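Given next are the chains, with one letter for each unit.
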2 protein chains.
Amino acid sequence: MSFHIEYPRTLPLQRPGDFQPGAPKFHARWDSAVTTLVCDYIAVQRDRDDLTSENNFFERLQRDFDSEFGPDCAERMRMVDEAGKTNSIIVAYWTDPSRYAFWKFTAAFNAWLQSAEREAEDVGYWRETLVVPYDRLETIYSEPEYRVGLNRTKGCNIEPMYTAGYFGAMRDRLPISAVDGLNSPYETSLPKGAFEDGLRKRIRVDIPHNLVSIRSGQYWQKAEGEQLADYYENLQPKLEVGMSYIKDNPLTTGCLSLRAMVNLDQEGNELRETSKHGYFISLAFLERWASSHKSHLDIFKHALAMRRKYGAERSVVTWHEVFVLGSSPSFEYVNCHAETGLLKYANLWGSAPIAR
Amino acid sequence: MSFHIEYPRTLPLQRPGDFQPGAPKFHARWDSAVTTLVCDYIAVQRDRDDLTSENNFFERLQRDFDSEFGPDCAERMRMVDEAGKTNSIIVAYWTDPSRYAFWKFTAAFNAWLQSAEREAEDVGYWRETLVVPYDRLETIYSEPEYRVGLNRTKGCNIEPMYTAGYFGAMRDRLPISAVDGLNSPYETSLPKGAFEDGLRKRIRVDIPHNLVSIRSGQYWQKAEGEQLADYYENLQPKLEVGMSYIKDNPLTTGCLSLRAMVNLDQEGNELRETSKHGYFISLAFLERWASSHKSHLDIFKHALAMRRKYGAERSVVTWHEVFVLGSSPSFEYVNCHAETGLLKYANLWGSAPIAR
């Protein structure tokens, strides 16, 4: 039997009555106990044509990943940001926080990234390390076969589940939601990011309690014909409308940062595999958008309709992994422009290293 | 039934064979789920005769504790440190990390402490906030009645337990030890604290993974006659020898900081109630001292002998609460001398706020 935690419930389920979805969705479960998962986003921020920086960065990290304490799995991705910079990103997952600590301490990459020399380079670097207790994560996959993100970690299986198909299911899938409302102190007064001084500097940003990280993905590598056409003509445009709305309306959506990333193969070619990574000030904000705004309802309904139409032949996979963050390490930005990740919130939660 | 978590074990118990102690010890358990506990040490560092600063500090905090989001319980303490300064300390406990986050955000005390004005005062301030997932804490009390530390939180009961009386019991009582060795990256190369620049500054120090916090206490308020005399003539001197050894031999004991604190009543009078609060680089170091060094064996044997001698009439209580820290907020030191807490490790793990 796979590992799972359930708390004696003090808060109500969101599930309406005895609702059951017509078909299962799928989620990640592990063979043995995972107390805390570490998800490390590390990136180089560069000019579009500077592929050398990307190659060097990926190779440097890969060398150190191939060590005793390296991650269970990692993905290479790319995204173009608000300032027109290209960010080459690695996301790596560890299911053992002590092993991660050893890796951070022993791998040459980390000392290299900590060096003051990085602050004087022509490129920027950033690192957003998410430390996620098991009770603060949930996953959903539309199909049972596709391996991506944390479901590629050791001992992880994809299992069918029925906590899906209604608004509030995301919350119900988080074990901690049985006893914790996961509210943000900023619920009624969104923070104002005003920091603009990241160039040539190394800035740490502490994240607020119960910040939500969502990585929401799309995989159509195996889609052909009608389903492939439907992806490009219907699902992808609807996703883009949703993403634009979220980014353009942070006061309504509670979104602090949103990145549209594409996965790369080992040679740097872009795959038919994308994901959006967003930070929301609270789960309640994310739920409000998901349950009430047309842009999400359009995505949601289209995905369900296609699943009904094609059944097990469905070749487009959608999925997400959600973390509601408690105490996590500071995010770190080195020589980055102000629109990078949560850097602009450094006026509220920022600090800089003292020892050089 | 009280709340508890157990993981399917992948690492062996320390308990030798089927060893059972002759009598139970006691531990803290809660009526409902506690996912994470917050233990906040907050202090003013002052000259010995400056009681005004102590009074003002305690009163300012107490005003804000009496709020909707205030702590479950708090204690006032005092200690004289290595530099001859007196530290007036409040330790406060929350069993709900979201409530703590709301308190931190809304209580005037926290904005006051964050103000740059604090850095220019004649006194110093420090704050060491410990965020402790349930699976990373364990407690032991020699008697079932005495309420102190986290066992004064809401819904907490003291229950008998039998994971005691052998070396390694501390580890066995930590739920996470079933699946995590709790090693420190610094196991074989202790960190060197060399920072000396804390005055007039605000310095944050990130703590290393699996750092151990132990608060080990003594309560003899109700002791009389023979037991009172034995406390002063035997147990207290043995404790002092042990504490001195730990402080004087950090390379052997892995101790980064050790404070001998005395509890105060609301008028500032010292009680017959003390505790030592130490940070150790790893549980393995703490275990090595406890299981092998004469100074701890002397304390351990004497406490057991007195319990045997007096049975239920034993009026001296000893206890501890141990946290093995994962991801925790940065410790913070404002205008403090270099020997304060973990401040001297700021050369390795330190940062300073940027936004003023």
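Chain A has the name Phenylacetaldoxime dehydratase in an unreviewed UniProt entry, where Caballeronia fortuita is given as its organism. The Sequence similarities (unreviewed entry) comment attached to chain A in UniProt states, word for word, "Belongs to the heme-containing dehydratase family." The heading Cofactor (unreviewed entry) in the UniProt record of chain A holds the text "heme b".

Observations regarding the packing of helix α5 (residues 225-248) of chain A against helix α8 (residues 294-310) of chain A
Residues and elements named next belong to chain A. The N-to-C vectors of α5 and α8 enclose an angle of 160°; their axes lie 8 Å apart at closest approach. Classified by the interaxial angle, the pair formed by α5 and α8 is roughly antiparallel. When you trace α5 past α8, the crossing you get is left-handed. Within the contact between the two elements, α5 uses Glu 226, Gln 227, Asp 230, Asn 234, Leu 235, Lys 238, Leu 239, Val 241, Gly 242 and Tyr 245 and α8 uses Ser 295, Asp 298, Ile 299, His 302, Met 306, Lys 309 and Tyr 310. Counted by class, the contact of α5 with α8 contains seven nonpolar, five polar and five charged residues.

Remarks on the relation of the copies chain B and chain A
Superposing chain B onto chain A takes a rotation of 180° plus a shift of 0.0 Å along the axis, which leaves an RMSD of 0.0 Å. Both chain copies can therefore be described as sitting about a two-fold axis. Interface residue correspondence from chain B to chain A reaches 100%, placing this contact among same-surface, isologous pairings.

Notes on helix α2 (residues 97-106) of chain A
Where burial is concerned, most of α2(A) is hidden: seven out of the 10 residues are buried. If you check which residues of α2(A) are buried, you get A:Pro97, A:Ser98, A:Arg99, A:Tyr100, A:Ala101, A:Phe102 and A:Trp103.

Overview of the interface of chain B and chain A
Interface size is commonly expressed as the accessible area that is lost once the parts come together. With 42 residues of chain B at the contact, the number on the chain A side is 42 residues. Interface area, chain B with chain A, both sides summed: about 3000 Å², of which 67% is carbon and sulfur. Between the two partners, chain B and chain A, sit two salt bridges. The salt bridge partner of B:Asp206 is A:Arg204, with a shortest N-O separation of 3.1 Å. Mapped by element, the contributors of at least two residues to the side of chain B that touches chain A are α2 (97-106), β8 (202-205), α9 (346-349) and β14 (350-353) of chain B. At five residues, the largest contribution of residues to the side of chain B that touches chain A is made by α2(B). Looking at the side of chain B that touches chain A residue by residue, the classes come out as 24 nonpolar, 12 polar and six charged. Relative to β14(B), strand β14 (residues 350-353) of chain A runs antiparallel, the two being bridged by three bridges. The residue of β14(B) that forms the bridge with A:Ala352 is B:Ala352.

The rules behind these values
- Residues numbered from 1 in each chain as written.
- Chains lettered and ligands numbered in written order.
- Predicted model: local features only at pLDDT ≥ 70, side-chain atom pairs only at ≥ 80, totals over all residues.
- Heavy atoms only, no water.
- UniProt positions renumbered as here; feature names shortened; annotations may be inferred.
- Axes fitted to C-alpha atoms, helices over the stretch in contact; angles between N-to-C directions.
- Helix = DSSP H or I, 4+ residues; strand = E, 2+ residues; numbered from the N terminus.
- Parallel < 35°, antiparallel > 145°, perpendicular 65-115°, else oblique.
- Left-handed = near helix turned anticlockwise from the far one by under 90°.
- Contact = heavy atoms within 4.5 Å.
- Nonpolar A, V, L, I, M, F, W, Y, C, P; charged D, E, K, R; others polar.
- Least-squares fit on C-alpha atoms with pLDDT ≥ 70 in both.
- Buried < 20%, exposed > 50% of the residue type's maximum accessible area, 1.4 Å probe, protein only.
- Buried area = accessible area lost by both parts, 1.4 Å probe.
- Salt bridge = Lys/Arg side-chain N within 4 Å of Asp/Glu carboxyl O.
- Pairing = 2+ DSSP bridges.

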